[in-house]
Amino acid sequence: MVKNYDVIVIGAGNGGLTAAARSAHMGMKTLLLEKHNIPGGCASSFRRGRFEFETALHELAEYGGPEDRGEIRRLFDKLGLELEMIEMKHAFRTIVTGPDGFDAAVPMGMEAFIQKMEVLSPGSEKSVRQCFALADDCSNALRYIFKNKGVYDRDVLLRDHSNFMKVANTPVTEVFEALRMPTAARNILSTYWSYIGLPLTKFDFMLYILMVKRYIEIHAYIPKMRSHDITLALADAVYRFGGDVWYNTEVKRILVKDRRAYGVVTANGEEVHARHIISNISHKTVFANMIDREQIPAQDLNLARARSVGLSSFDFYMGMSKSPEELGIEDYCIFFADTVDTDDLYDRFSDIERNGRFTMNCMNIANPGCSPEGTSLMWCTMLFKGEAWNAVKPENYNKTKRNLVMRVIKEYERLTGNILSDSIEEIAIAAPPTFARYIGTPNGSIYGYEPFLWDGMMPRMLAAGEENNIQGLHFCGGHGERLHGFSSAYSNGDSAARIVAAEMKEGR
Amino acid sequence: MQNNIELIGLDPENFWRAMEERRNVIVADSAEELPREYAMNILAARLHPHQQYFIISQVKEHGPDAKSYVLEPDKSCGATECAYFSAGQYLAVYLEIGGSRLWRPYSICSGPAEALQGRCVLTVKRAKDGFASEFILANWQAGTKVVTSGPLGHFSYEPLRDAKTVVGLAGGSGITPFHSLACAIRDGVDDFDLVLLYGSRNSDDILLKEEFDAIAAQCDRVKVVHVLSDEKKAGYENGFLTAELIQRYAPAGDYSVFVCGPRAMYDFLETELPKLGLSPRRVRHELFGEYKISGRESGYAARETNAKIVIRGEERTIKCLPGESLLSAMERAGIAAPSQCRSGECGYCRSRLLQGEVFVPSHVDGRRLADFKYGGIHPCCSFPLGDTAIEVPM
């Protein structure tokens, strides 16, 4: 007999886990299916020797303290997750070489951040304050737009929210220019661009400044037991609210008839039915491989074609046989770049040998005791277009990875004076094929779709009503409306579940 | 009220441009097909195939107790290549023995360069009470089809981490990954010097002796010293792999120690290796292997228990014999539970403990911190302390 659910969620990444947990929480009979043997996708951990490494999470935005809960903490509280989270004290340190290069560290907390920016870039206070004021204006405008389920009056927008209209869907660089922000402040304030991965000439200012503000104002957190803890807590919530989770279960087909999704077929041929399907798998993959072509509305297919696959990543994880003090490390995270020009950096994401940007983290600084006494846990991240690795063959894959690690470590040692190369006890290197292996995204992408202006947050949100024309099929994860990154993916999962709940209520 | 901010040169009508562009994208009918697959996903599948389908093309006997099997892609199953690997890695081999269905890890004996020629070699030595090795030696022959995992494990040379010289300590069938590493050095795939101290009972017992002699003759970066515990013979060392012996053959400067052998050897080295005064980063062990629990383990009371196995909501109850891991009990009951390393490390068998308690020996406890909170266990190294219920991901 075919099993029947209210909701089937395909993929237990951050979006899928949240969608499943929230669906079950709202009383829907939920089944979560995952191809891999454990949940989490990017949000996981792995062990080597004496170390347990974080796979992906640098810092979780929109979490906030117990008194000042951010959106994600409120979501997790609603689901009853019990997590040990550590507050991040420092926003970031950035070291950029080349003309206009700098070495700057800034604190969390809005006022402290603005004051420090003024010290680092005299004369910047007014424009930096204005940036954050614009973030408030954008939030107000978003509230107006979504107050009425996305029905808004263009004239009201123009009259009451002209600041929002000027800066939303406008590149960061143009708004910085309009505010006459000093160059040094622009460069420092640009640091977080790699969390979304678009150069600032193409990056929507509203999205950017809302993100920066969420980190700085609400305070980011990290989980003490790596993101594997959040992942398992979410999976546990699915069970607690009566849902089922099947691992090692790949979904091959989504069943659609008369533009209505009604079930899935797993790799071993089992058919399972549901009124609603939430896919943590991207439109591109779903439409190419999982739904009969004649069932896909032309406009949905056109949109999926036009979107571009987001960036992938190169990460190496090191268990060090020395403590952070012995290594001379004081920062949780340093962002490195060999130029202030984000267009140039972005272009070189397509070139293994010339990629000029990386971040280096030492978890012990934020999470003391995360590795045994006298050791430390480090990892480095570089963004890449997956295609950059196209010429790599199995037999030169390890060598390619190692050469890149050697280049990056050398650069790190040169710029900080801290020597790493003689105390590596464990090392694991992940490249785009590694992400393709574990999360199955196109070219090992970790970042949904590239949020070019036409595919940024506002267009995705405002057009949502006209897109996704297969009834009962919903999408979540990094390709959702809130875009990618941990907090966004959790939010996307939450909103997919809420949409399903609303539709179920209407009998759809 | 919005903030009063002068935004020089920005036009609010700009806002609609991105929306219009999106609408144009959606109506523009393109003939371009969505890609069905991508280069990185193809590369990932070649590097890390979920399963490999082989056929045995050749069998070589090494005395009465060991054989080497040459595996080639089984074209009848659509296989075209042998996944490239790092010397020292293993394959988990799928076996059906009587009513049991199980996976067993075997180190790849051949070098990575051979994989590019479309073949790899597994060498199997009869183990004492070896359920799988007895079966393989008795049954595998030319033409036998073999299903394996992709290449797995971390017992490989890593120049970013290891010293330029590795002192290999091998015992019994633990020689096979070192053979792969030696081939990789000879073939220019890996770049280090290997001094191998290989412990056997007597000179007749040495596995792959001719093969190592041939490599050493071709390549001066590989040196093999045979250490016989039960025989005194000219040209051979006599005794065990002591710290003193290691020091005699180790280079004067920096070196790494790689260890692969039976548990007795690991136990012996636990007191010998610290005498060398090496940093922990300079000592690496291959997987512990099937954990044979003894009644003496503290906290473990061996008795027969019931284990309820939940798979996709379907339940069945099986018997778990004294000394048997939950994984072995499932396999004996004909459940082809997922597993790879069988040493507690890789986590591929990870299941969820729903009821009861299990004993996990500390040196094969590969669980992650958060697993302890949510009942994540590795059945391959989990021994029930009473009746249990587990959910198995399959």
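Everything discussed here concerns the structure shown above.
Heads up: these notes are all about the structure in this document. In every chain, residue numbers begin from 1 and rise along the written sequence. Chains and ligands are labelled by the order in which they are written, letters from A for the one and numbers from 1 for the other. pLDDT decides what is reported in this predicted model: residues at 70 or higher carry local features, side-chain atom pairs at 80 or more are listed and counted, and totals for whole chains, interfaces and linings draw on all residues regardless. Neither water nor hydrogens contribute to the side-chain values; these are computed over all heavy atoms in the structure.

### Examining empty space enclosed by the protein
Any space left empty among the atoms is revealed by the rolling of a water-sized probe across them. Residues and elements named next belong to chain A. Heads up, the condition is: Both site types are read off a 1 Å grid over the protein atoms alone. A 1.4 Å probe that fits but cannot get out defines a cavity, while an open set with protein on both sides within 12 Å along at least five of seven lines defines a pocket; lining residues have an atom within 4 Å of a point. Grid points are joined across faces, edges and corners, and a volume is the space filled by probe spheres set on the points. Helix and strand definitions here come from DSSP, where helices need a minimum of 4 consecutive H or I residues and strands a minimum of 2 consecutive E residues; each element is numbered from the N-terminal end. Each residue receives one of three labels: charged for Asp, Glu, Lys and Arg, nonpolar for Ala, Val, Leu, Ile, Met, Phe, Trp, Tyr, Cys and Pro, and polar for the others, Gly being one of them.
With the rule as written, the count across this model stands at 1 cavity of 30 Å³ or more. Computed from the structure, the largest cavity encloses a volume of approximately 30 Å³. In terms of lining, the largest cavity is formed by His283, Phe287, Asp300, Leu303, Arg307, Glu467 and Asn468. Mapped onto the lining of the largest cavity, the elements with two or more residues apiece are α11 (283-290) and α12 (298-306). Considered class by class, the residues forming the lining of the largest cavity number 2 nonpolar, 2 polar and 3 charged.

### Description of the pattern of salt bridges
Any two side chains of opposite charge can pair, so long as their charged atoms come close to each other. The condition that has to hold: Every case where a carboxyl oxygen of Asp or Glu lies within 4 Å of a side-chain nitrogen of Lys or Arg is listed as a salt bridge. Each residue is assigned to one of three classes by its accessible area relative to the maximum for its type, calculated with a 1.4 Å probe on protein chains only: buried under 20%, partly exposed between the two thresholds, exposed over 50%.
For the coordinates displayed, the defined rule picks out 68 salt bridges over all chains. Two residues, A:Glu62 and A:Arg214, come together in a salt bridge whose shortest N-O distance is 3.5 Å. With a gap of 152 residues between them, A:Glu62 in the loop between β4 (51-54) and α2 (71-78) and A:Arg214 in helix α9 (residues 205-218) connect regions that are remote in the sequence. Judged by its relative accessible area of 22%, A:Arg214 is partly exposed. A salt bridge links A:Arg93 to A:Asp331, with the shortest nitrogen-to-oxygen separation between them at 2.7 Å. Of this pair, A:Arg93 sits in strand β6 (residues 90-96) while A:Asp331 is found in the loop between α13 (324-327) and β14 (333-337), placing the two residues 238 residues apart along the sequence. In the salt-bridge network here, residues are joined through shared partners; they are A:Arg307, A:Asp455, A:Arg460, A:Glu467 and B:Arg22.

### What about the interface of chain B and chain A?
Rules: Contacts are assigned to residue pairs that have any heavy atoms within 4.5 Å of one another. The term buried area denotes the loss of accessible surface (1.4 Å probe radius) that occurs when two parts are joined, taken as the sum for both partners. Under the rule applied, a polar contact is a pair of N or O atoms within 3.5 Å (in protein, one hydrogen donor and one hydrogen acceptor; residues adjacent in sequence only if both atoms are side-chain atoms).
On the chain A side, the residues contacting the 71 residues of chain B number 106 residues. Overall, the association of chain B and chain A removes approximately 7700 Å² of surface from exposure, summing both partners, and the carbon and sulfur fraction of that is 56%. Counting across the interface, chain B meets chain A through 8 salt bridges. On the surface where chain B and chain A come into contact, there are 40 residue pairs in polar contact (both at pLDDT 80 or more). For the side of chain B that touches chain A, the secondary-structure elements that each account for two or more residues are α1 (15-27), α2 (39-47) and α10 (369-374) of chain B. Each residue belonging to the side of chain B that touches chain A can be placed in one class, and the counts come to 35 nonpolar, 11 polar and 25 charged.

### A short note on the sheet that holds strand β11 (residues 256-260) of chain B
All names here are of chain B. This is how it is decided: Note on pairing: two strands pair once DSSP finds at least 2 bridges between them. To define axes, lines are fitted to C-alpha atoms, for helices over the stretch in contact only, and angles between the resulting N-to-C directions are given on a 0 to 180 degree scale.
If you walk across this open sheet you meet the 6 strands as β10-β9-β8-β7-β11-β12, and the pairing is parallel. Strands at the two margins of the open sheet, each flanked by one partner only, are β10 (237-238) and β12 (283-285). Sheet topology note: the β11/β12 ladder contains 3 bridges and is parallel. What sits directly across from valine 259, in β12, is histidine 285. Strand contacts of helix α8 (residues 263-272): β7 (165-171), β11 and β12, with the helix running at about 150 degrees to β11, the strand carrying the most contacts.

The values are spatial; any link to function lies outside them.
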